[in-house]
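Remarks on the overall topology
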Amino acid sequence: AAAAPGAPASVGSSYFGSTTAVEPQNQEQKVGDVLTTVFEGLEREAGIQLRVLFITDRHPVDSDTAAQYIAEHCQEDCRFSVIGIGWGASPQFVEGSAKAGKGS
């Protein structure tokens, strides 16, 4: 079934578990708000690695704070990868966040 307009899309798999896309609700929403949902709002069983693929097309105003937040919340059972699309994507945010999250 299709997700309702504005609702996050989700895909389930018996091997990979559940994956949920979290989208900002407006242009002013900071990336930290989305990260809080990812790290504190998603339930997972102990010992299951969290793998996050963050896709962005802009430079978040709170990119330094976001990288620090990722480093603090993405520990040994977590990988945080970032893809920047287009000219608006911030190399500082993409590279800093991926490094902080031990991803690519």
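Refer to the structure printed above.
Residue numbers here run from 1 along each chain, matching the order of that chain's written sequence. Per-residue local features of the predicted model are confined to residues with pLDDT of at least 70, and side-chain atom pairs are confined, for both listing and counting, to 80 or more; whole-chain, interface and lining totals are unaffected and use all residues. Based on all heavy atoms of the structure, the side-chain values leave hydrogens and waters out of the count.

Considerations on the overall build of the protein
Filter applied, for reference: Helix numbering and strand numbering both begin at the N terminus, where a helix is a DSSP run of H or I of at least 4 residues and a strand a DSSP run of E of at least 2. Here, two residues are considered to be in contact whenever any of their heavy atoms come within 4.5 Å of each other.
Across its full length, the protein holds three helices and four strands. From first element to last, N terminus to C terminus, the protein shows the α and β order β-β-α-β-α-β-α. Long-range pairs, those at least 24 residues apart, make up 66% of the contacts in the protein between residues at least 6 apart in sequence.

Considering the pattern of salt bridges
Oppositely charged side chains are able to pair whenever their charged atoms sit close together. Rules: Just to be clear on terms, a salt bridge is a Lys or Arg side-chain nitrogen sitting within 4 Å of an Asp or Glu carboxyl oxygen. Partly exposed describes any residue whose relative accessible area lies between the buried limit of under 20% and the exposed limit of over 50%, with all areas from a 1.4 Å probe on protein chains only and scaled to the type maximum.
The final tally for this structure, using the stated rule, is one salt bridge. Linking Asp57 and Arg58 is a salt bridge whose minimum nitrogen-to-oxygen distance equals 3.2 Å. The exposure class assigned to Arg58 is partly exposed, which follows from its relative accessible area of 38%.

Quick notes on unusual backbone geometry
Non-glycine residue Lys102 carries a positive phi angle of around 55 degrees. With respect to the helices and strands, the residue Lys102 is situated in the segment after α3 (91-100). Assessed through its relative accessible area of 38%, Lys102 is described here as partly exposed.

Everything listed is a geometric property; what it means functionally is a separate question.
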